[in-house]
Amino acid sequence: MHPVEPPPPAPEPPARLDLGLPAGGRGAGGWSSQLDRWAADARVEEAARGRARERSLRRQAEEEGSVAGVLADLLEAEATVRMALRGGHVAVGRVAGVGADVVVLAAASPAVASPVLTVAALVAVCTLRSSPGQPAVTGDRTTRSPLRLDGVLAELAADREPVRVLTVDGGTVDGRLRSVGRDVVTLTSGPGSGARAGGGASYVARHAVAAVVVGVGGGAPATAAGPPSR
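Every value quoted in this text rests on a predicted model; they were computed, and no experiment measured them. (Residues numbered from 1 in each chain as written. Predicted model: local features only at pLDDT ≥ 70, side-chain atom pairs only at ≥ 80, totals over all residues. Heavy atoms only, no water.)

1. Considerations on the nonpolar core
The tendency in soluble globular proteins is for nonpolar side chains to be buried side by side. Met 83, Leu 85, Val 95, Val 103, Val 165, Leu 177 and Leu 187 are the most contacted members of the largest nonpolar core, which totals 42 residues. Non-local contacts of Leu 177, meaning those with residues more than four positions away in its chain, are made with Leu 153, Leu 156, Ala 157, Arg 160, Glu 161, Val 163, Val 185, Thr 186 and Leu 187. (Core = buried A, V, L, I, M, F, W, Y, C linked by side-chain atoms within 4.5 Å. Buried < 20%, exposed > 50% of the residue type's maximum accessible area, 1.4 Å probe, protein only. Contact = heavy atoms within 4.5 Å.)

Written as structure tokens, this is what we have:
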């Protein structure tokens, strides 16, 4: 005859979870007030998490900012800017176009009927200053415009537009844009605009072009951009 084993001890009841409930239960100052405190705590925590997310996203956007991105933001805002270029040149106007390597400013001029356009190389841009009251932008967007400096200059050359070329050494060259080569920009001046123009031709190295101002040069007064004051 086998000995009878005692039954296993009964499991201990689970520890009571302390929810911090008042002893009064659902009575006055009980469940209702506790739930209100829980809701208030949850709102505070959610607001803190929201602020942290906002700071993180803002910091990430600022770290990804670029000159082209800033100009794209200002283009969307139809903002007017003061743009300083290499060579001491300055242009003021509304941001009218931004491409992979080019920015276009448009400025009204009392001297000509159409707006004066400043077509600047992005690599020549030194500083940008927006108008008072214009909110700051982060410039984290990517420019997807097909606009490129060489393409714009080729179109202007096809129309023999009178221009003023601003160079990175602070100089200016006036004339009618005749052609844009692999690494040279050719302008003619004087009567006529063809290869035998009476005033001769000027040749500007492509890498020396800071900007081309359309609507000035070729005998027209410069109003939107020019060389630095001496």
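2. A word on the environment of Val 165
In this fold, Val 165 is placed in strand S6 (residues 162-167). Under the relative-accessibility criterion, Val 165 is labelled buried at 0%. Residues Val 165 and Val 185, 20 residues apart in the sequence, show an inter-C-alpha distance of 9.4 Å. Contact partners of Val 165, with chain neighbours within four places excluded, come to Gly 171, Thr 172, Val 173, Leu 187, Val 204, Val 209, Ala 211 and Val 212. (Helix = DSSP H or I, 4+ residues; strand = E, 2+ residues; numbered from the N terminus.)

3. Re the pairing of S6
Within S6, six of the six residues are buried, which leaves it mostly tucked inside the rest of the structure. Residues Pro 162, Arg 164 and Leu 166 line one face of S6 and the alternating positions Val 163, Val 165 and Thr 167 line the opposite face, and both faces are buried. Strand direction decides the pairing type here: S6 and strand S7 (residues 172-180), joined by five bridges, are antiparallel. Looking at S7, one finds that Leu 166 is bridged to Thr 172. (Pairing = 2+ DSSP bridges.)

4. Examining the confidence of the model for the protein
Averaged over the protein, the pLDDT score is 78; the fraction of residues at 70 or greater is 70%. A low-confidence stretch, residues 192-197 stays under pLDDT 50, and its non-local contacts, those more than four residues away or across chains, total 11 contacts. Below pLDDT 50 for its whole length, residues 219-230 participates in 32 contacts with residues either more than four positions away or in separate chains. (pLDDT = per-residue confidence, 0-100.)

5. Concerning the pairing of strand S3 (residues 102-107)
Burial of S3 is extensive: six of the six residues sit out of reach of the surface. Alternating positions in S3 separate into two faces, Val 102, Val 104 and Ala 106 on one and Val 103, Leu 105 and Ala 107 on the other, with burial throughout. Inspection of the sheet shows strand S2 (residues 90-98) paired to S3 by four bridges, in the antiparallel sense. Within S3, the residue paired with Val 95 across the bridge is Leu 105. Adjacent in sequence and paired antiparallel, S2 and S3 are bridged by three residues.

6. Quick look at the pattern of salt bridges
The final tally for this structure, using the stated rule, is three salt bridges. Between Asp 101 and Arg 148 there is a salt bridge, with its nearest N and O atoms 3.8 Å apart. In this pair, Asp 101 is assigned in the loop between S2 and S3 and Arg 148 in the loop between strand S5 (125-130) and helix H3 (149-158), connecting sequence segments 47 residues apart. Overall, the relative accessible area of 45% leaves Arg 148 in the partly exposed class. Here Arg 164 and Asp 174 are joined by a salt bridge, their closest N and O atoms 2.6 Å apart. Placement of the pair is Arg 164 in strand S6 and Asp 174 in strand S7, with a sequence separation of 10 residues. Judged by its relative accessible area of 13%, Arg 164 falls in the buried class. Given a relative accessible area of 30%, Asp 174 falls into the partly exposed group. (Salt bridge = Lys/Arg side-chain N within 4 Å of Asp/Glu carboxyl O.)

7. Considering the environment of Ser 66
Mapped onto the fold, Ser 66 is located in the loop between helix H1 (31-63) and helix H2 (67-76). Residue classification places Ser 66 among the partly exposed positions, given a relative accessible area of 34%. At 2.9 Å, the side chain of Ser 66 forms a polar contact with the backbone nitrogen of Gly 69. (Polar contact = N/O pair within 3.5 Å; in protein donor to acceptor, adjacent residues only side chain to side chain.)

8. Points about H2
Among all positions in H2, only Ala 68, Gly 69, Leu 71, Ala 72, Asp 73 and Leu 74 are buried. Buried residues in H2 make contact with strand S1 (80-85), S2, S3 and S5. Residue Glu 78 follows H2 closely and has a positive phi angle near 55°.

9. Focus on H3
For H3, every residue scored as buried is listed here: Leu 149, Val 152, Leu 153, Leu 156 and Ala 157. Seen from one end, H3 has its buried residues packed into an arc of 140°, which puts them on one side. Looking at H3, the residues exposed on the side facing more than 90 degrees away from the buried face are Glu 155 and Ala 158. Where H3 is buried, its residues contact S3, strand S4 (116-121), S7, strand S8 (184-188) and strand S10 (209-214). Backbone geometry just after H3 places Arg 160 at a positive phi near 50°. (Arc of directions from axis to C-beta.)

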